[in-house]
Protein chains: 2
Amino acid sequence: MTEPIIGIIAGAGPFAGLDLATKILEQTDASCDQEYLPMVSVSTPGEIEDRTRFLLGESEENPAYALAKNFLDLQTMNAKVIGMPCNTAHAAPILEVFHQEIAPHAKSARYLDMIQETVNFIGSECPTVKNIGILSTLGTWKAGFYPELLEPECYNTLVLDDSQQTRIHEEALFHKKHGIKVQANPVTKTARNILLEGVESLQKMNADAVILGCTEIPIGIPERKIGRTFIIDPGLILARALIRETAPEKLLPWNWNN
Amino acid sequence: MTEPIIGIIAGAGPFAGLDLATKILEQTDASCDQEYLPMVSVSTPGEIEDRTRFLLGESEENPAYALAKNFLDLQTMNAKVIGMPCNTAHAAPILEVFHQEIAPHAKSARYLDMIQETVNFIGSECPTVKNIGILSTLGTWKAGFYPELLEPECYNTLVLDDSQQTRIHEEALFHKKHGIKVQANPVTKTARNILLEGVESLQKMNADAVILGCTEIPIGIPERKIGRTFIIDPGLILARALIRETAPEKLLPWNWNN
């Protein structure tokens, strides 16, 4: 293969991996099969420990090692720009080990950081925003990397209280019957309603924007705005960044309306 | 990786590739990320000539070579059972060359034939069916492999007339604005209505079942039954076959209702 190829670390979680791939197609300016960009994807969910469990100390197995192996396998498959649609895996205790593992072997492939892309996107596409709410897993909430990156840029960050945050995690995302991790097409009303309540609580705290900080959340909240609040989907932003780095002429213009 | 891995030749076309991957997740008995099966997927749509164009003699480039290369790349990635969600690519002038190309190099990986799986499925899950209608691209229609496989099994096969078949191909599938090849999420009403008219015409010819013989068609017709007619989705059948060959204990029971 001679073209630059997009690589997806797709197993954390599997529905988020497909969601990213779908968004790459949707954000590409193409009028027939042949005009879409080349992609490779590897999904080994059974080998990747739950990111939140590791961050909360419930497991000693750092998912970074399996994720780094995925990166290197994608490089072998000729991927040049690689993304990972998992917010929680961007917590420092995971991401730092991931980078240590890939650094000695990374040659032709480059890692594109979803969280950094999201912060850049907010700066360029939502210049009026000051207060940013974050919906996420418990792991991302506890790791606090969104506030850490956003506050030095002069944003106020808002998060849910302990009980509502736990409800998002345990009921909307990880519930074994109605959670999006196991029922994504269609998302259950229960899961969507819990997520919408979360958005509403953040709106009541004066959030101008809400980051959907777990890549399964946008499957339940596909809106780009709710009322006057910008809804920020890091997976969509990563999809666009992967196209921009591969074939910028094929990136569709940004649009808040669809 | 020690587990058997599912491989997907995902570029013909790109939305069909993702649709197959989604169906593999949906048909898997899993209650958390870690219980889903490992998958690798390669999509190089720019290198794969349009299958119908080749079959109609509008192009001399046989897409078989690029598809065979995808197969071998997936084998390198440790895929053990590989599927290709493109009906038209199963026409003999393509599939025979594909098999000639992979035969000398196929080692640990095995190809699972979507069309043969579909014929087997109809025999086991729709035992009362006699008359089978086929909706497809022009290439699959012209190649006629569904009738060739089904008629020796004592089924009557029904196809649309030339003008209605051309409308399905050019308007519902390949149209550069409203065709499913470029607008799949959501599918346009125009595309869905043309496909539904096709189903209705086949029903008027007494079809007991209709094969959605292009992997983009089920994106527009997700129903499993319309009236009393069984709607047969080869991509869904291939998804189930890939799970069955990899981890049969994880295959959800078959259900005509969802």
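Everything in this summary refers to the structure shown in the same document. (Residues numbered from 1 in each chain as written. Chains lettered and ligands numbered in written order. Predicted model: local features only at pLDDT ≥ 70, side-chain atom pairs only at ≥ 80, totals over all residues. Heavy atoms only, no water.)

1. Comments concerning the overall build of chain A
- Check the secondary structure of chain A and you find 11 helices and 9 strands.
- In summary, chain A has a C-alpha radius of gyration of 17 Å against a globular reference of 18 Å for 258 residues, a match within 12%.
- Summarising its shape, the C-alpha atoms of chain A cover approximately 50 × 45 × 40 Å along the three principal directions.
- In chain A, which comprises 258 residues, the share counted as buried stands at 61%. (Helix = DSSP H or I, 4+ residues; strand = E, 2+ residues; numbered from the N terminus. Rg over C-alpha atoms; globule rule 2.2 N^0.38 Å. Buried < 20%, exposed > 50% of the residue type's maximum accessible area, 1.4 Å probe, protein only.)

2. Section: the side chain of S41 of chain B
- Here S41 of chain B is to be found in strand β2 (residues 39–43).
- Among all residues touching S41 of chain B, those that are not within four sequence positions of it are M39, V40 and S41 of chain A together with I8, A10 and L74 of chain B. (Contact = heavy atoms within 4.5 Å.)

3. Here's the deal with empty space enclosed by the protein
- The tally for this structure, following the rule as stated, stands at 5 cavities of 30 Å³ or more.
- By volume, the largest cavity is sized at about 210 Å³.
- If you go around the largest cavity, you meet 21 residues; those closest to its centre are L18 and S41 of chain A together with L18, A21 and S41 of chain B.
- Secondary structure elements with two or more residues in the lining of the largest cavity: α1 (14–26) and β2 (39–43) of chain A together with α1 (14–26) and β2 of chain B.
- Looking at the lining of the largest cavity, the element that brings in the most residues is β2 of chain B, giving 5 residues. (1 Å grid on protein atoms, 1.4 Å probe; cavity = no way out; pocket = protein on both sides within 12 Å on 5 of 7 lines; lining within 4 Å. Points joined across faces, edges and corners; volume = space filled by probe spheres on them.)

4. What to know about the environment of V187 of chain A
Residue and element names in this part refer to chain A.
- Position of V187 among the secondary structure elements: in the loop between α8 (162–173) and α9 (189–204).
- According to the relative accessible area criterion, V187 is buried, its value standing at 19%.
- In contact with V187, other than residues within four places in its own chain, are I180, R192, I219 and G220.

5. Remarks on the interface of chain B and chain A
- In this assembly, 37 residues from chain B lie in contact with 37 residues from chain A.
- Both faces combined, the contact of chain B with chain A buries some 3,500 Å², and carbon together with sulfur accounts for 58% of it.
- Our enumeration of links across chain B and chain A arrives at 4 salt bridges.
- As a salt-bridge pair, K181 of chain B and D33 of chain A come within 3.0 Å of each other at their nearest N and O atoms.
- Here chain B is connected to chain A by 15 residue pairs in polar contact (both at pLDDT 80 or more).
- Going through the elements one at a time, α1, β2 and α3 (64–76) of chain B are the ones with two or more residues in the side of chain B that touches chain A.
- No other element matches the 7 residues that α1 of chain B contributes to the side of chain B that touches chain A.
- Looking at the side of chain B that touches chain A residue by residue, the class counts come to 18 nonpolar, 9 polar and 10 charged. (Buried area = accessible area lost by both parts, 1.4 Å probe. Salt bridge = Lys/Arg side-chain N within 4 Å of Asp/Glu carboxyl O. Polar contact = N/O pair within 3.5 Å; in protein donor to acceptor, adjacent residues only side chain to side chain. Nonpolar A, V, L, I, M, F, W, Y, C, P; charged D, E, K, R; others polar.)

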